[in-house]
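Structural description and commentary
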Amino acid sequence: MSGRGVERVLDMLEWFAASPHGAGLKEIAASLSMPKSSALLMLQSLSERGYIERQANGHYRLLRLPGEISNDGRNYGALITLASPYLARAVEATGESGFIAVLEDHTIRYLNKVLPKREILYDRDIGQTRPAHQVASGVVLLAAMNDAERDACLTSTILTKPERETLDVALSQAKAQGFFLNAKGVVEGAAGAAAAIYSEPGKAVAAINIAGPQSRFVSHSDHICKVVRETAVAISEELSRRHHHRTQGR
């Protein structure tokens, strides 16, 4: 694509961002001073990538901007950018490692990590996924679901009766407290705390997780859990404001 072609695509995305009601092909082409044939090709491409949708009345409407979480929940660029400063402050306040995690199918994937300036003693390979029921991030995201969603998520996870009972207790704690403390992590000698991040009320999209060596972590767990919960609330409020700003008037 030529430089001018890239500029036109960006112009169209900017136009949609400023026009939440959307419009038909003729109006869009006229507003951007381009031939209808060129506008149609761009609209089709943006629709295929999940940025816009064609409505029943023939009008096109913005779904998301580049980097924002898509309907399939696999694009997290904007989330990482927005959450990173909050996560960095949480790591500084606790002195332990910090992560943003998301639930994909029935496993937890870590999007990024921020390490403390102090002696680390604990690091995590974020390229490896974890079963949701085994880690604090998974517990808080499962707890944020309704019963039907949770059962569907756990369908492919084989749990023994004791494991399910342990998970149910953990889910109850997470719901009641707004965070979950896992004093004995999957990695021997590790501990962690997590809280869900919401893009809007009732819709958890990720979790913040602070983790560290068990001996050091547990002795400061009250403070760490407070930071985790407050950080998740702050990120959720920012996401909610942005969601409201982008969707108002639609």
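In this report, the structure presented in the accompanying data block is examined. Keep in mind that what you see is a predicted model, and the values were worked out from it rather than measured. (Residues numbered from 1 in each chain as written. Predicted model: local features only at pLDDT ≥ 70, side-chain atom pairs only at ≥ 80, totals over all residues. Heavy atoms only, no water.)

A separate point is the overall build of the chain. Across its full length, the chain carries 9 helices and 8 strands. Out of the 250 residues belonging to the chain, those deemed buried represent 45%. A sequence separation of at least 24 residues applies to 56% of the contacts in the chain between residues at least 6 apart. A total accessible area of about 13200 Å² is found for the chain, and carbon and sulfur atoms account for 51% of it. (Helix = DSSP H or I, 4+ residues; strand = E, 2+ residues; numbered from the N terminus. Buried < 20%, exposed > 50% of the residue type's maximum accessible area, 1.4 Å probe, protein only. Contact = heavy atoms within 4.5 Å. Areas by Shrake-Rupley, 256 points an atom, 1.4 Å probe, with all protein chains shown as cover.)

A word on helix α5 (residues 136-143). Burial within α5 is extensive, with 8 of its 8 residues counted as buried. Turning to α5, its buried residues number three or more, namely A136, S137, G138, V139, V140, L141, L142 and A143.

Across all of its chains, the model carries 7 salt bridges by this definition. Here R61 makes a salt bridge to E53, at a shortest N to O gap of 2.5 Å. One salt bridge in this structure joins D168 and R164, with 3.1 Å as the shortest N-O distance. Taken together, the residues span about one helical turn, with D168 and R164 both in helix α7 (residues 161-177) at a distance of 4 residues. By relative accessible area, which is 35% here, D168 ends up partly exposed. Relative accessible area serves as the criterion here: at 27%, R164 is assigned to the partly exposed category. The network of salt bridges with common partners includes D151, R164 and D168. (Salt bridge = Lys/Arg side-chain N within 4 Å of Asp/Glu carboxyl O.)

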